[in-house]
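Coordinate analysis (summary)
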Number of protein chains: 2
Amino acid sequence: MALESWNDGAAKSAIVDFVARVAKQGGAEYVPPAERVAVFDNDGTLWCEQPLQVQIFFLIDRAKELAAKDPALKERPAFRALLEKNFGALLDNGKRGAMELFAATHAGISEDEFEVISRSWFASAKHPKLGRLFKQCTYRPQVELLGYLRDNGFKTYIVSGGVDFMRAFAEEAYGIAREHVIGSSMKLRFEIKGERPHLLKVGELDSFDDREAKPANIGLHIGRRPLLAFGNSDGDLAMMRYTKGGAGARLALLLHHDDAEREFAYDREFKLSSLSDALDKAAEYGITVVSMKHDWRVVFD
Amino acid sequence: MALESWNDGAAKSAIVDFVARVAKQGGAEYVPPAERVAVFDNDGTLWCEQPLQVQIFFLIDRAKELAAKDPALKERPAFRALLEKNFGALLDNGKRGAMELFAATHAGISEDEFEVISRSWFASAKHPKLGRLFKQCTYRPQVELLGYLRDNGFKTYIVSGGVDFMRAFAEEAYGIAREHVIGSSMKLRFEIKGERPHLLKVGELDSFDDREAKPANIGLHIGRRPLLAFGNSDGDLAMMRYTKGGAGARLALLLHHDDAEREFAYDREFKLSSLSDALDKAAEYGITVVSMKHDWRVVFD
């Protein structure tokens, strides 16, 4: 049965009704399959982002590995703050400190090498509290929803954090092809070393895929206004409003983490990606709020 | 019959053999459909780019239209050179002059507005020598090849000039979906005007999709190394070498315009996009040269 991990209620009905309307041939709100685009944030929407986004755990492990080879790195303030998990200091360092860390841990290697490193990390890295592999911290109701949308002719996209980090597991975890993953990116430089041309990840930001950058990246990569958007934070609000701004039937969904028992309960106070404006204005903007506690029968597999 | 506009010969055999090898389940060179990516340059590869690339004709018509409303534009050197078709002066103005023209004619409007303007232009704009609509200046053997690849499980992409200009006709002309069009782009800014959020095209270059930028954009948008690349100029060489640099079977094809009778004959001397290095080094790099004159039974529909 479709969406079996969803409880009956307003959220599930909104999804099922919406899909039926746009997929009904000859109906007033019919949309051809080519235009059925659904976009999903990843962190906190498709998988768990607490106590920190998964990519930050990866960043910490990469930094440890690099610092073991080159102890001088530990003297750099951003590295020290990260290795000591002093996130207050890290946030104080601001974007510059974060970029320094990403440049050191995510760049200076080829795309192919990064893929090997991140896949090998995903194979064994475990969530500190949930006691399962990070790649198994995906939400079962969302994996079902992605499949349900594809069964109804939708193309499903991720629009979220680090693009190549997500590409290393999205196909396996969500059935989302690499080319349907849009995210933050470092610049790539084409290089020929020996006989083998490759793409080098350069330590320079190309796109930081959050807030207003999300709809802009949708325009660049997809070139179609989505029919459906699903997010969980203020960083997804522009993408949801862009989606709702199109003509005809549109659906925007906002996951509210209100389930301390089965996952985590948080919104405004999560500094790395807070949910505040989007929650306050959901009704005004026609956004459907999904309660993890009430709308999901199960959370994880 | 597949590829019926292609004459029998080395080029056609190379294509048919290659496709059979990667698509043969259980074969030594089998590649799963998810990874079967083919990338095509557009100008001069999928459609005619003589005497000038189609987008330059569009640029001229847009500039005329804008200058009619605002005569002061005619006093700006880049505009004057363009309107007088003084391409020598235009090229002397260099990238800065070109960017000024693109910013004035392609930006300051929303993506939706640009789509309407370019579609309406395509509906009636005619090639000055071929006496047919620009959108009918596509090469029939290439349209067949795109279909043949898709029938064999390939995803076909364009990696070429202005992304939103190409998106306005690629689906109709080639069966290539908007999200499979990668190209040069202006930055997009998310804006909410009144109730309707949209993407504004800003007069600032995001990516100039030529030479080394082509493989970099393939990495960003697709995240897979292509199996097949087809180009016609030195601007496509990096993309072809990136393609050939992957493990397993790969095919790179280079269209040589040697057919003055049915189309145009040119290579090294075409300043806007010359073919020189790629031709000289085709054999060394394992690139298959396609002769328009000998390998194509017909050129246009």
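Residues numbered from 1 in each chain as written. Chains lettered and ligands numbered in written order. Predicted model: local features only at pLDDT ≥ 70, side-chain atom pairs only at ≥ 80, totals over all residues. Heavy atoms only, no water.

Topic: the overall build of chain A
Test applied: In DSSP terms, a helix is any run of H or I states spanning at least four residues, a strand is any run of E spanning at least two, and both are numbered starting from the N terminus. Radius of gyration means the value over C-alpha atoms here, while the globule rule gives 2.2 Å times the residue count to the 0.38 power. Burial here depends on accessible area, computed with a 1.4 Å probe over protein chains only, as a share of the maximum for the residue type. Under 20% is buried, over 50% is exposed, and the range in between is partly exposed. Pairs of residues are marked as contacts when any of their non-hydrogen atoms sit within 4.5 Å.
Per the secondary structure count, chain A includes 13 helices and eight strands. What you see for chain A is a C-alpha radius of gyration of 20 Å, in line with the 19 Å of a compact globule of 301 residues. Dimensions of chain A along its principal axes, counting C-alpha atoms only, are 65 × 45 × 35 Å. In chain A, which comprises 301 residues, the share counted as buried stands at 57%. The long-range fraction of contacts in chain A, counting pairs at least 24 apart against all pairs at least 6 apart in sequence, stands at 66%.

Here we look at the side chain of Lys155 of chain B
Which entries qualify depends on this criterion: Polar contact is the term for a pair of N or O atoms within 3.5 Å; when the atoms are in protein, one must be able to donate a hydrogen and the other to accept it, and sequence-neighboring residues count only if both atoms are side-chain atoms.
Note on placement: Lys155 of chain B falls in strand 2 (residues 155–162). For Lys155 of chain B, the side chain forms a polar contact with the side chain of Glu179 of chain A, separated by 2.3 Å. Once residues lying within four places of it in the same chain are set aside, the contact partners of Lys155 of chain B are Glu179 of chain A together with Pro33, Ala34, Arg36, Val37, Ala38, His180 and Arg224 of chain B.

With respect to the packing of helix 1 (residues 10–23) of chain B against helix 6 (residues 140–151) of chain B
Residues and elements named next belong to chain B. Definition in use: Inter-axis angles, ranging from 0 to 180 degrees, are taken between N-to-C directions of lines fitted to C-alpha atoms, where helices are fitted over the stretch in contact. Any angle from 65 to 115 degrees is called roughly perpendicular, while one under 35 is roughly parallel, one over 145 is roughly antiparallel, and all others are oblique. A crossing counts as left-handed when the near helix is turned anticlockwise from the far one by less than a right angle, and as right-handed when that turn is clockwise.
It is at 11 Å that the axes of helix 1 and helix 6 come closest, and there the two elements cross at 15 degrees. It follows that helix 1 is roughly parallel to helix 6 by the angle criterion. Seen from above, helix 1 lies across helix 6 with right-handed handedness. Where helix 1 approaches helix 6, its residues Ile15, Val16 and Val19 are matched on the opposing element by Leu145, Tyr148 and Leu149.

Structural notes on the relation of the copies chain B and chain A
Each of the two chain copies can be brought onto the other by rotation about an axis and movement along it. Threshold: C-alpha atoms of residues with pLDDT of at least 70 in both copies form the basis for the least-squares superposition of the copies.
The operation relating chain B to chain A is a screw motion whose rotation component is 180 degrees, with 0.0 Å of axial translation and a residual RMSD of 0.0 Å. Such a turn and shift between the copies fits a two-fold axis. Every residue of chain B has its C-alpha some distance from the rotation axis, and the shortest such distance is that of His221 of chain B, at 3.3 Å. Mapped onto chain A, 100% of the interface residues of chain B again fall at the interface, so both copies present the same surface.

Looking at the interface of chain B and chain A
Definition in use: The buried area of a pairing is the accessible area, by a 1.4 Å probe, that goes missing from both parts when the two are put together, added over both. Counted as salt bridges are all cases of a side-chain nitrogen of Lys or Arg within 4 Å of a carboxyl oxygen of Asp or Glu. Here the term charged refers only to Asp, Glu, Lys and Arg, the term nonpolar to Ala, Val, Leu, Ile, Met, Phe, Trp, Tyr, Cys and Pro, and the term polar to all other amino acids, Gly among them.
Taken residue by residue, the interface counts 35 residues in chain B and 35 residues in chain A. When chain B packs against chain A, the two sides together hide about 3000 Å² of surface, and 50% of this comes from carbon and sulfur. Area buried by chain B at its contact with chain A is led by Glu179, Phe190 and Leu220 of chain B, which between them contribute 22% of it. Where chain B packs against chain A, one counts eight salt bridges. Of the charged contacts in the structure, one is a salt bridge between Lys155 of chain B and Glu179 of chain A, with a shortest N-O distance of 2.3 Å. Our enumeration of links across chain B and chain A arrives at 22 residue pairs in polar contact (both at pLDDT 80 or more). Elements that contribute at least two residues to the side of chain B that touches chain A include exactly helix 5 (111–124), strand 2, strand 3 (181–193), strand 4 (196–207), helix 9 (213–221) and helix 10 (237–244) of chain B. Residues of the side of chain B that touches chain A, tallied by class, amount to 15 nonpolar, seven polar and 13 charged.

Digging into helix 5 (residues 111–124) of chain A
Residue and element names in this part refer to chain A. Just so we agree on the cut-off: To estimate the expected span of a helix, count its residues, drop one, and scale the result by 1.5 Å. Directions from the helix axis toward the C-beta atoms define the arc.
With 14 residues, helix 5 should cover 20 Å at 1.5 Å per step; its first-to-last C-alpha distance of 21 Å lies within 8% of that length. Taken together, the buried positions of helix 5 are occupied by Glu111, Phe114, Glu115, Ser118, Trp121 and Phe122. Angularly, the buried residues of helix 5 cover 135 degrees about the axis, an arc narrow enough to put them on a single face. Those residues of helix 5 that are exposed and aimed more than 90 degrees away from the buried face are Val116 and Ser124.

Quick notes on empty space enclosed by the protein
The test is simple: In this analysis, the protein atoms alone were mapped onto a 1 Å grid. Cavities are point sets where a 1.4 Å probe fits without being able to get out; pockets are open sets with protein on both sides within 12 Å along at least five of seven lines; lining residues have an atom within 4 Å of a point. Grid points are joined across faces, edges and corners, and a volume is the space filled by probe spheres set on the points.
Applying the stated criterion across every chain yields a total of four cavities of 30 Å³ or more. One number sums up the size of the largest cavity: a volume of about 80 Å³. Along the walls of the largest cavity sit Tyr157, Glu179, His180, Ile182 and His221 of chain A together with Tyr157, Glu179, His180, Ile182 and His221 of chain B, which together make up its complete lining. In this structure, the second largest cavity occupies an estimated 40 Å³ of space. Considering the residues around the second largest cavity, the lining is formed by Gly219 and Leu220 of chain A together with Glu111, Val163, Asp164, Arg167, Ser185, Met186, Leu188 and Lys201 of chain B. Counting only elements with at least two residues in the lining of the second largest cavity, the list comes to helix 9 (213–221) of chain A together with helix 7 (163–167) and strand 3 of chain B.

Looking at the confidence of the model for chain A
Keep this limit in mind: Every residue carries a pLDDT, the predictor's confidence in it, which falls somewhere between 0 and 100.
Per-residue confidence for chain A gives a mean pLDDT of 95, with 99% of residues at or over 70. As scored by the predictor, the complex reaches a pTM of 0.97 and an ipTM of 0.96.

Some words on the pattern of salt bridges
Residues and elements named next belong to chain A. Taken as a whole and judged by the stated rule, the model has 44 salt bridges over all chains. Glu172 serves as the salt-bridge partner of Lys135, at 3.2 Å between the closest nitrogen and oxygen. In this pair, Lys135 is assigned in the loop between helix 5 and helix 6 (140–151) and Glu172 in helix 8 (residues 170–174), connecting sequence segments 37 residues apart. The partly exposed category is assigned to Lys135, whose relative accessible area is 22%. The residue Lys201 makes a salt bridge to Asp164 at a minimum N-O spacing of 2.5 Å.

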